[in-house]
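Next come the chains, spelled out residue by residue.
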Amino acid sequence: MGEEVDDQQFTRADRTAHRAKVRRCLDVLARMLHESVFDTDDPMTGLELELNLVDADGRPSLHNEETLADLDDEDFTTELGRFNLEINVPPGRLRDGGLRALEEGLRERVERADDAAGRRGDRIALVGILPTLTPRHLEPDMITANPRYRLLSDQILDARGEDITIDIEGTERLQTSTDTIMPEAACTSTQFHVQTTPSRFAAVWNASQAIAGVQLAVGANAPYLLGHELWRESRIPLFEQATDTRSAELKAQGVRPRVWFGERWITSVFDLFEENVRYFPALLPVVEDEDPVAVLEAGGTPSLAELRLHNGTVYRWNRPVYDVVDDVPHLRVENRVLAAGPTVVDTVANAAFYFGLVRALASSPRPLWSQMSFSAAEENFRIGARDGIDAQVYWPGVGQVAATELVLRRLLPLAHEGLASWGVDPAERDRLLGIIEQRCLLGTNGAEWFVGRVRSHSDLGREEALRVVLGEYLEHQRSGEPVHTWAQQ
């Protein structure tokens, strides 16, 4: 989202030219999938982590640009809100200590960000929704100065034609409206990237969709928004509603939302890019000079800039990514399901579970998605987000089952198998997947811990309880110990 786009006005002619160009890019992608050599020999994985800045009292701090200037590192970038940052960990391979290197690299970057924030008395918070946010922090002047963010907000509101309504009913109910997409800035997430071949892309994406609900159940970490206890992973409905370009009438007509789980299993990565072009008008109809056909026919690798930028404004929970490095194209699945935090080691444990499980399921001779309806996967996704560690999900051959029991009995062994295929050594697998196992055995994750602590401080009133518990959370976060141990400390 942080890609630089100049502040500009778009005309009808701009949109017409963009539509033609993005369709030309789509045609070129189809040719490349049949003709080009993609970078597939030794697939890599990667991770992005979004952060919150908070002051000494645990309230949002608006110093992201100053903190970035102090860091002076291209691995850090802005996000939508002035209280947000993002870390991009360079991609690597999982074999030969790759997960340990990922953990060390992420921890080093989080600590550097925390040190830079500390120069102004601020701290870094790894949490899916900062519980001390107030309506004031979701107003238009809280948008980061990058012109892309305000332009994107304006385009979404213009497309919608009316204010955005937020209506989330969970343990409590929150109803509000906004004239900006700033509520999206409340959503801070972890994104896992897994590189794959064109021929295996569909299997990796389908597997990612199938396990999304279980990921949410064991990793939920966003139970509060604007003082209300909502879903255990309230990012899911909030993100969907905060970027919804549809009026009530368009929803009733069945127009697809821009934050989208999808509606079917796929057979090719082309299916997803083609759906993007077919269903979603451009929010940022920027047209570059490159002629992708000419580049391809001259033996080069086209950037497909219009297709990629358009793809960046269709917010699939598992997003396809086309990228070019050293003039060689590659494909990735970007898994965008989970919240940030609670700690670095929890984040890397979530990564190990995802990378291992997807690898095993994508390699299965009898694909899981041939035994499971897409609607069942989507229902699991909703239930996992709503109920967190207590979720009951559907699984082929089992029926309805507690997500924790499913993980313990079936999915952790598969994740071990998948990580072994990646070349991860047994001790590393045991250490990281053991964190997932303990969450399931103890019935706890970030969201469950936070709700329990807030309820224990009910005498303080909700606002003060959230602030106090966030302080406790940040101390545990800084200790580096995984969340399942916090209740025992």
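Overview of the structure.

1. A look at the overall build of the protein chain
Next, step 1: A count of helical and extended segments in the protein chain gives 16 helices and 15 strands.
Next, step 2: A compact globule built from 489 residues should have a C-alpha radius of gyration of about 23 Å, and the protein chain, at 22 Å, falls within 12% of that.
Next, step 3: Of all 489 residues assigned to the protein chain, the portion counted as buried reaches 58%.
Next, step 4: A separation threshold of at least 6 residues defines the contact pool for the protein chain, and within that pool the share at least 24 residues apart is 75%.
Next, step 5: Carbon and sulfur atoms make up 45% of the accessible area of the protein chain, which totals about 18,800 Å².
Next, step 6: For the protein chain, the distance from the average position of its 51 positive side-chain charges to the average position of its 79 negative side-chain charges is 4 Å.

2. Points about the packing of helix α11 (residues 344-362) against helix α13 (residues 403-422)
Next, step 1: Contact geometry of α11 with α13 gives a least axis separation of 7 Å together with a crossing angle of 85 degrees. Taken together, the axes of α11 and α13 lie roughly perpendicular to each other. Here α11 contributes A352, F353, F355, G356, L357, R359, A360 and L361 to the contact with α13, which in turn contributes V407, L411, L412, L414, A415, E417, G418, L419, S421 and W422.
Next, step 2: Residue composition of the contact of α11 with α13, by class: 13 nonpolar, three polar and two charged.

3. With respect to the pattern of salt bridges
Next, step 1: Inspection of the entire model under this criterion finds 43 salt bridges.
Next, step 2: Ionic pairing is found between D141 and R136, a salt bridge with its closest N-O pair at 2.7 Å.
Next, step 3: Looking at D141, the relative accessible area reads 38%, which means it is partly exposed.
Next, step 4: In this structure, E428 engages R431 in a salt bridge whose closest nitrogen and oxygen atoms are separated by 2.9 Å.

4. Concerning the pairing of strand β15 (residues 399-402)
Next, step 1: The pairing of strand β14 (residues 392-395) with β15 spans four bridges and is classified as antiparallel. Residue Q392 lies in a different strand from β15, and its bridge partner there is A402.
Next, step 2: Count of turn residues in the β14/β15 antiparallel hairpin: three residues, of which G397 carries a positive phi of about 80 degrees.

5. Some remarks on the packing of aromatic side chains
Next, step 1: Following the criterion strictly, the structure yields 18 aromatic pairs and no others.
Next, step 2: On the numbers, 5.8 Å between centres and 20 degrees between planes, the contact of F192 with Y354 is stacked. Of the two residues, F192 sits in strand β7 (residues 190-196) while Y354 sits in helix α11, which places them 162 residues apart along the sequence. Of the two residues, F192 and Y354, neither departs from the other in class, the shared state being buried.

6. Quick look at unusual backbone geometry
Next, step 1: Here the bond from G341 into P342 is cis, since omega is 0 degrees, no more than 30 degrees from zero.
Next, step 2: One can find P342 in the loop between β13 (328-335) and α11.
Next, step 3: Here L226, not a glycine, exhibits a phi torsion of approximately 50 degrees, which is positive.
Next, step 4: Despite not being glycine, D327 has its phi angle at roughly 65 degrees, a positive value.
Next, step 5: Tracing the chain through its elements places D327 in the loop between β12 (318-325) and β13.

7. Regarding the layout of surface pockets
Next, step 1: Computed from the structure, the second largest pocket encloses a volume of approximately 220 Å³.
Next, step 2: Every residue lining the second largest pocket is counted, 14 residues in all, and those nearest its centre are V110, E111, D114, Q477 and R478.
Next, step 3: Elements supplying a minimum of two residues to the lining of the second largest pocket: α3 (98-118), β4 (123-125) and α16 (462-479).
Next, step 4: Of the residues belonging to the lining of the second largest pocket, the class tally is five nonpolar, three polar and six charged.

8. Some words on α11
Next, step 1: Between its terminal C-alpha atoms α11 stretches 27 Å, which fits the 27 Å expected from 19 residues at 1.5 Å a residue.
Next, step 2: Summarising burial for α11: 18 of the 19 residues are buried, a large majority.

9. Thoughts on the packing of α3 against α11
Next, step 1: The interhelical angle for the contact between α3 and α11, taken along N-to-C directions, is 145 degrees, at an axis separation of 10 Å. You can see that α3 and α11 cross each other, and the crossing is right-handed. Contacts between α3 and α11 pair L99, L102, E103, L106, R107 and V110 from the former with V344, V345, T347, V348, A351 and A352 from the latter.
Next, step 2: Its residues assigned to classes, the contact of α3 with α11 shows nine nonpolar, one polar and two charged.

Cut-offs and rules
Residues numbered from 1 in each chain as written. Predicted model: local features only at pLDDT ≥ 70, side-chain atom pairs only at ≥ 80, totals over all residues. Heavy atoms only, no water. Helix = DSSP H or I, 4+ residues; strand = E, 2+ residues; numbered from the N terminus. Rg over C-alpha atoms; globule rule 2.2 N^0.38 Å. Buried < 20%, exposed > 50% of the residue type's maximum accessible area, 1.4 Å probe, protein only. Contact = heavy atoms within 4.5 Å. Areas by Shrake-Rupley, 256 points an atom, 1.4 Å probe, with all protein chains shown as cover. Lys, Arg positive; Asp, Glu negative; His and termini not counted. Charge placed at Lys NZ, Arg CZ, Asp CG, Glu CD. Axes fitted to C-alpha atoms, helices over the stretch in contact; angles between N-to-C directions. Parallel < 35°, antiparallel > 145°, perpendicular 65-115°, else oblique. Nonpolar A, V, L, I, M, F, W, Y, C, P; charged D, E, K, R; others polar. Salt bridge = Lys/Arg side-chain N within 4 Å of Asp/Glu carboxyl O. Pairing = 2+ DSSP bridges. Phe/Tyr/Trp six-rings, centres within 6.5 Å; stacked < 30°, edge-to-face > 60°. 1 Å grid on protein atoms, 1.4 Å probe; cavity = no way out; pocket = protein on both sides within 12 Å on 5 of 7 lines; lining within 4 Å. Points joined across faces, edges and corners; volume = space filled by probe spheres on them. Expected span 1.5 Å × (residues − 1). Left-handed = near helix turned anticlockwise from the far one by under 90°.

Nothing here speaks to function; it is geometry throughout.
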